[in-house]
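Architecture and fold: a report
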Amino acid sequence: MAFDLLTRLGGDEPMAAVFSQERAVTDWLLVEAELGRALAAAGVVDHATGERIAQACRLEVVDLPRLWAESANVGYPIFPLVRMICEALEDRDAAFVHYGATTQDIMDCALALQVRDAASRLLELAGSVGDGLAELVEAHAGTVMAGRTHAQQAVPTTFGAKMAVFLSEMTRHRARLLRARDAVSVVSLFGAGGTSAALGDTADAVRTELAARLGLADTGQSWHVARDRIGELTQSAALASASCVRLGREVVDLSRTEVGEIAEADGMYRGASSTMPQKANPISSELAVGFGVMAETNAQAVLRALEAGHERAAGEWQVEWQAVPATLTAAAGALRAAATIANGLRVFPERMAANLELDGGRLMAEAYMIALAAALGRDKAHELVYGAVRDSRSEGSSLRDAVRAKVGDVTWSTIADTLPEPAAYVGSARRICDAALSEWRA
């Protein structure tokens, strides 16, 4: 395997273990073992035979170098794996190893076990992200800052309200991942062409028993080429990753020297530069972006695997072998980085307050317009305040003084007390925070 610097620096070890070589081979063996027991439970073989088959399906019987050499020749790993299991048995038992199954049945059952555990890990990481965001929402529901549109100051908001949007996203991601985990945890045992012909009348009984033994849901239809469940999980993971990218970029933007409203967790040499001693780079945010982009990119490849034709793929399935683990491991990296951000973020309310005045108070232009609209109408009030903004910029005065000059002392005396300070013009910010917290905690 090529050295992967991104994974080495920020990868999630539990997710990597789910898609390790040992886990893959172990799960193939597990499926073959439980198939032997399921055949016995359905009366296809006697219980002693089923149990001897199951006992032979252990990692010690597998010569890994031989497995991969023969797999490269065959194109798939189950044929040589079954041969090794058979070599560990007497002929009378070996005759029923892999009975009624096809390679993809074994690999898809194992895949279901892997992606079920992968989804559980993503849910765990998403929970950590959401819990960290929830603390920020609660702590900063009233921390006033400049809301920005098109990267420019727009109107006041609160940092809690900003984080509430991220928290609401994570709530939806968690729900999607839960649904996808349930959907993807399904058995596969439909044989060569998806009809279970080799098992005859015992097909349903064997499949149902195998599902129960593996802890997977049963199904009445083959999914050899129906890969929408896999697509649902990887797309859900990619959506969660995209939110991690957005969070990372938000932190990068708001921690710029010129903005300085937040910063990642502090620490000796954390984010240090090899040449600029002053630097404390937002390394977790950068990891969230890097992993998130890779999750999104690989998830698109999984969609191509849904294009498989007839009753068995001819190359599309192979796309999954790389793209599914790549998507889910990258998503885990993105969520892990986002959790580090959310649970260690430093917030600087005093800098936020100072930045409210950077543009001469002009982020209150909408508030002034609304205050004047009662007397002038919204359209005329907009034109007046627009002119005042231009005057204040050209003259270097505050917006308040420019508006006063526009309306005159008489009108000014009637509206001056209605012009709010930024903290009084954050609308439903606190209710937005409360709603996001309620949804998350539900």
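Placed above this text is the structure.
Treat the numbers as computed from the prediction; the structure is a model and nothing was measured. (Residues numbered from 1 in each chain as written. Predicted model: local features only at pLDDT ≥ 70, side-chain atom pairs only at ≥ 80, totals over all residues. Heavy atoms only, no water.)

Quick look at the side chain of Ser285
Applied cut-off: Helix and strand assignments come from DSSP, with helices taken as H or I runs of at least 4 residues and strands as E runs of at least 2, each series counted from the N terminus. Throughout, exposure labels follow a simple rule: accessible area from a 1.4 Å probe, protein chains only, divided by the maximum for the residue type, with under 20% read as buried, over 50% as exposed, and the rest as partly exposed. When checking whether two residues touch, look at their non-hydrogen atoms; a contact exists if any pair is within 4.5 Å.
If you trace the backbone, Ser285 turns up in helix H12 (residues 283-305). Exposure remark for Ser285: the relative accessible area of 0% places this residue in the buried category. Excluding anything up to four places from it in sequence, Ser285 contacts Gly248, Val251, Val252, Glu264 and Ile341.

Focus on the environment of Asp117
On the secondary structure map, Asp117 appears in helix H8 (residues 103-139). Under the relative-accessibility criterion, Asp117 is labelled partly exposed at 27%. Once the C-alpha coordinates of Asp117 and Arg181 are considered, the two residues, 64 residues apart in sequence, prove to be 8.4 Å apart. Residue contacts for Asp117: discarding those within four places in its chain leaves Val18 and Arg23.

Let's talk about the pairing of strand E2 (residues 152-158)
Regular strands show a simple pattern: their side chains alternate between the two faces of the sheet. Heads up, the condition is: One requirement defines pairing of two strands: DSSP has to find at least two bridges between them.
Bridging between strand E1 (residues 144-149) and E2 involves five bridges; their strand directions are antiparallel. Across the sheet, the residue bridging to Val144 is Thr158, located in E2. As consecutive antiparallel partners, E1 and E2 are separated by two residues, and within that stretch His150 has a phi angle of approximately 55°, a positive value.

Considerations on the side chain of Thr143
The test is simple: Nitrogen and oxygen atoms within 3.5 Å of one another constitute a polar contact, given that in protein one can donate a hydrogen and the other can accept it, and given that sequence-neighbouring residues count only through two side-chain atoms.
Tracing the chain through its elements places Thr143 in the loop between H8 and E1. A distance of 2.9 Å separates a polar atom in the side chain of Thr143 from a polar atom in the side chain of His140. Ignoring anything within four residues of it in the chain, the contact list for Thr143 reads Thr157, Thr158, Phe159, Pro349 and Met352.

Description of the state of the cysteines
Put simply, the test is: To count as a disulfide, a pair of cysteine sulfur atoms needs to be within 2.5 Å.
One pass over the structure, following the stated rule, counts zero disulfides. Cys86 carries a free sulfur, and the closest cysteine sulfur to it, the one in Cys57, is 8.9 Å from it.

A few points about the pattern of salt bridges
As a reminder of what qualifies: Any carboxyl oxygen of Asp or Glu within 4 Å of a side-chain nitrogen of Lys or Arg constitutes a salt bridge here.
Per the counting criterion, the structure on display carries 29 salt bridges. Between Arg37 and Glu51 there is a salt bridge, with the nearest N and O atoms lying 2.9 Å from each other. In this pair, Arg37 is assigned in helix H3 (residues 21-41) and Glu51 in helix H4 (residues 47-56), connecting sequence segments 14 residues apart. Among the ionic contacts, a cluster of salt bridges with common partners joins Glu34, Arg37, Glu51, Glu209 and Arg213.

Topic: the packing of aromatic side chains
The following threshold applies: Under the pairing criterion, centres of Phe, Tyr and Trp rings, with the six-membered ring standing for Trp, must be within 6.5 Å; the plane angle then separates stacked pairs below 30 degrees from edge-to-face pairs above 60, leaving the rest tilted.
For the structure shown, the criterion picks out five aromatic pairs. On the basis of an interplanar angle of 70° and a centroid distance of 6.2 Å, the ring pair of Trp28 and Trp68 is categorised as edge-to-face. One end of the pair, Trp28, is in helix H3; the other, Trp68, is in helix H5 (residues 64-74), with 40 residues separating them in the sequence. Relative accessible area serves as the criterion here: at 34%, Trp68 is assigned to the partly exposed category. Ring geometry for Tyr76 and Trp317: centres 5.8 Å apart, planes at 25°, overall stacked. Of this pair, Tyr76 sits in the loop between H5 and helix H6 (78-87) while Trp317 sits in helix H13 (residues 316-344); the two residues are 241 residues apart in sequence, bridging distant segments of the chain.

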